[in-house]
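Structural description and commentary
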Amino acid sequence: MRRMWGTWGAVLALLAGGCDAIDLSDISRRDAKIRVRPEPHGEHCEFGGEAVLSGLDLDRDGELDDSEVTATDYVCDAAIPKVRTRTQAEPHGENCTLGGMAVLSGLDRDGNGQLDDAEVTLTDFVCATSVANVLLRVRPVAPGTPECPLGGQVSHAGHDANGNGLLEDEEISREVYACDEPAPVLSRLRSLPAFTAPCDGDDSGGTAVEAGLDLNGDTALAMSEVEATAYACGLEPSDLKVYHDGEPAGPNCARGGTRVDTIQDRDRDGELDKGGFASTLYVCQGARVHDGTFVVASAVDLVALEGVTHLRGELIISAPTLADASLPSLAVIEGSLTARGNASLRRLSLPGLRFVGGDAAVYSNARLDSLTLGTASDALVWVERSLLVEDNPMLPTLEGLAAVQPRDSISLRANNALVNPGLLPHVTVLLGSLIIEDHLRLDRTPFVNLSQVHGEVRLANNSAMPAPSGLDQLTDVGGTLELRENAVMDRLHPLGRLASVGALVIVSNPRLPDTAGLDRLSYAGRIHIQGNKELLSVGDMPALEQVTESFSVKYNEKLQRVHHLPFLRSAATVAAVGNPALTSLEGLDRLTRLTTLEVLGNAALPDLGGLALLREVDFLSLQGNAALTGFGLTELSRVSLAFVVVDNPKLPTCRATALAAGVFTGDPVTGVNIDMNDDAATCP
């Protein structure tokens, strides 16, 4: 709006004084001039404007001087609409995971002193966080921006330095873009083997119904893309029918999505079979993607990540002062998850997690006492590589990992407060290894459905573990099964289903009395049993048929016998070394050929009668057996490469010489060594 007024008083006064005093012709010969200057906001113009000055050019210099101004008009600017803001509560949901406040702003165009709904042009969300004095501001990002071509949101985080409850620009210390990536929904039916969780009670297995967004556009549903899963136990994929339908925005999907219905339809009529299986899954268009590896080095970094659901990179949490790390929205980490060296961290919680593309490693967190990856036990958290939980001395349980299923290996090490680990029911097969070692209080393992490990299984230095409990379903270990230095281990019966091992190594378990319990073990690449102080017997393996390499028992100070191996017919090497109480090898009585037979330093062993059926051996070495008086090898007919009988003080030398003469087929000069036996004894 513009207003004009003038000052003509001086002219009217002159006219009122009479025309005789004025030379009108003189006035008429002078030009009228105007000049415009800016007018600041103030008395004449509230919002500023322009001053128009006018008068006669009395000195005829072509300019209107200040002394020549006879009138001033003001052209004023209209009022500028004020920026108004208002706040309202923001519930838990898409914009603020933990709730918070929406800050609405815009121009008060109607000048009524308040921000009307139609005047709102920008909405920021100031979200509650799990960290005191750290605020999160979330702002929508329009499509077409370089950071988010399809739109999304930008999160700003920082400390509320002035304590006003709002995150101001100068308080921002971390910015994170989370971009929308709409994608088609895919589903698939995946067969589950028998006794696979959660269908572990069904000998016919079942089918997993999986659905998710095709974020990489390859038209195949990858494990990283699976967002929702249902299980049809006892049914084959061919028994099921899957339908997709749009799901409007609402309680199931805040921004809309797809409803995936699955029905049992064995008769192929397109209808649900009477009393049959039915499930509904929802896949929502809500992925917020951040590209690149993200390092959480402070509470501000953690809060800035809260809006991200899908991280294309690694997540590294290494923040010495961080006490609570919770990311409820994060579902996918395409790289590894690493939480290490967090000296103050008490809780690590990623309840929405469902995929980790590398390792999930949680180690060296001195105060960590709560760990959650995923939530429901029937919703998998697929870890593409290994799960490592190591050196967390205050962690009491692994119950928060019930949904985790690693593909490769698991390592649990030096978690000294771990007592009752809970159950990890989805761990059924490991392509790598299982390591459980250096625990003070752990008394069992959590792997109740684990049936196969392609690599090694090692239980070592677990001071409170009396048995390998929790491995009751284990049938096959491709590498070494090692039980070492478990101070109270006194039985092996939980391994009763084990049928095959690359190697069985039982070393320095001071309370183990025997090896009973391996009732189904039929194959071992190697068996090595050493240094078990209370071990009385080795054997009690009624199904063992083959040991492809060596069967050795060494330095078990109370070991008396190797027995009850009724079907063992094949082994390459037998070694009995340094067992001072050993008296019998009767369990080896069905072996007929060996590459090496080594019997050294067994002070109580009277003979080798337990190998009565042995016919051929390449290397024979009997040394330092103080009580040995005879061979007992009644069927031995051939020793081909070495015949060594040394330092057996009760064994008649003449017997050794006679046996060598009868069975040794190699070079007698280089291959025979008979010495330090009983030279005085006579032979019939």
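Computed from a predicted model, the values in this text were never measured in an experiment. (Residues numbered from 1 in each chain as written. Predicted model: local features only at pLDDT ≥ 70, side-chain atom pairs only at ≥ 80, totals over all residues. Heavy atoms only, no water.)

**Examining the environment of leucine 605**
Looking at the element boundaries, leucine 605 is found in the loop between strand 43 (593-600) and strand 44 (616-623). The exposure class of leucine 605 is buried, given its relative accessible area of 0%. Spatially, the C-alpha atom of leucine 605 lies 4.3 Å from that of threonine 583, the residues being 22 residues apart in sequence. (Helix = DSSP H or I, 4+ residues; strand = E, 2+ residues; numbered from the N terminus. Buried < 20%, exposed > 50% of the residue type's maximum accessible area, 1.4 Å probe, protein only.)

**Looking at the environment of valine 295**
Mapping valine 295 onto the fold places it in strand 17 (residues 294-296). The exposure class of valine 295 is partly exposed, given its relative accessible area of 38%. As for valine 295 and threonine 338, which are separated by 43 residues in sequence, their C-alpha atoms are 9.6 Å apart. Ignoring sequence-local partners within four residues, the contact set of valine 295 consists of Arg174, Asp301 and Ile316. (Contact = heavy atoms within 4.5 Å.)

**Regarding the pattern of salt bridges**
Under the counting rule described, the total for this entry stands at 29 salt bridges. Notably, a salt bridge pairs arginine 458 with glutamate 437, separated by 3.0 Å at the nearest N-O pair. Here arginine 458, found in strand 34 (residues 457-462), pairs with glutamate 437, found in strand 32 (residues 434-439); they are 21 residues apart in sequence, far enough to count as distant. In this pair, the class of arginine 458 matches that of glutamate 437, namely buried. Two residues, arginine 458 and glutamate 456, come together in a salt bridge whose shortest N-O distance is 3.2 Å. With a relative accessible area of 18%, arginine 458 lands in the buried category. Look at the salt bridges and you will find they share partners, linking Glu390, Arg413, Glu437, Glu456 and Arg458 into a network. (Salt bridge = Lys/Arg side-chain N within 4 Å of Asp/Glu carboxyl O.)

**Quick notes on the sheet that holds strand 15 (residues 278-284)**
Strand order in this open sheet of three strands is 13-14-15, and the pairing throughout is antiparallel. At either end of the open sheet lies a strand with only one pairing partner, and these are strand 13 (240-247) and strand 15. Across the sheet, the mean angle separating the axes of adjacent strands is 20° when strand polarity is ignored. Note that strand 13 and strand 14 (residues 257-264) share eight bridges and pair antiparallel. By the bridge assignment for strand 14, leucine 240 is matched with glutamine 264. (Pairing = 2+ DSSP bridges. Axes fitted to C-alpha atoms, helices over the stretch in contact; angles between N-to-C directions.)

**Some remarks on the nonpolar core**
By size, the foremost hydrophobic cluster in this structure holds 126 residues, and its most contacted members are Leu315, Leu348, Leu350, Phe447 and Leu597. In terms of residue count, helix 3 (residues 299-304) provides more of this core than any other element does, five residues in total. For leucine 350, the contacting residues outside a window of four places in its chain are Leu315, Leu327, Leu330, Ile333, Leu337, Thr372, Leu373 and Gly374. Counting 16 residues, the second-largest nonpolar core is a separate cluster that includes Val185, Ala232, Val260 and Leu281. (Core = buried A, V, L, I, M, F, W, Y, C linked by side-chain atoms within 4.5 Å.)

**Some remarks on the pairing of strand 7 (residues 134-141)**
The buried fraction of strand 7 is high, at six of eight residues. Bridging between strand 7 and strand 8 (residues 152-159) involves eight bridges; their strand directions are antiparallel. Across the sheet, the residue bridging to valine 134 is histidine 159, located in strand 8.

**Some thoughts on unusual backbone geometry**
Notably, histidine 564 is not glycine yet its phi reads approximately 50°, a positive angle. By secondary structure assignment, the location of histidine 564 is in the loop between strand 41 (561-563) and strand 42 (570-577). We note that aspartate 647 has phi near 60°; this positive angle belongs to a residue other than glycine.

**Focus: the pairing of strand 2 (residues 49-56)**
Most of strand 2 sits out of view: six of its eight residues are buried. For strand 1 (residues 32-39) and strand 2, the ladder comprises eight bridges, and the chain directions are antiparallel. The residue of strand 2 that forms the bridge with valine 36 is valine 52. As defined by bridge partners, strand 2 adjoins strand 3 (residues 69-76) across seven bridges and the pair is classed as antiparallel. Note on strand 3: the bridge partner recorded for alanine 51 is tyrosine 74.

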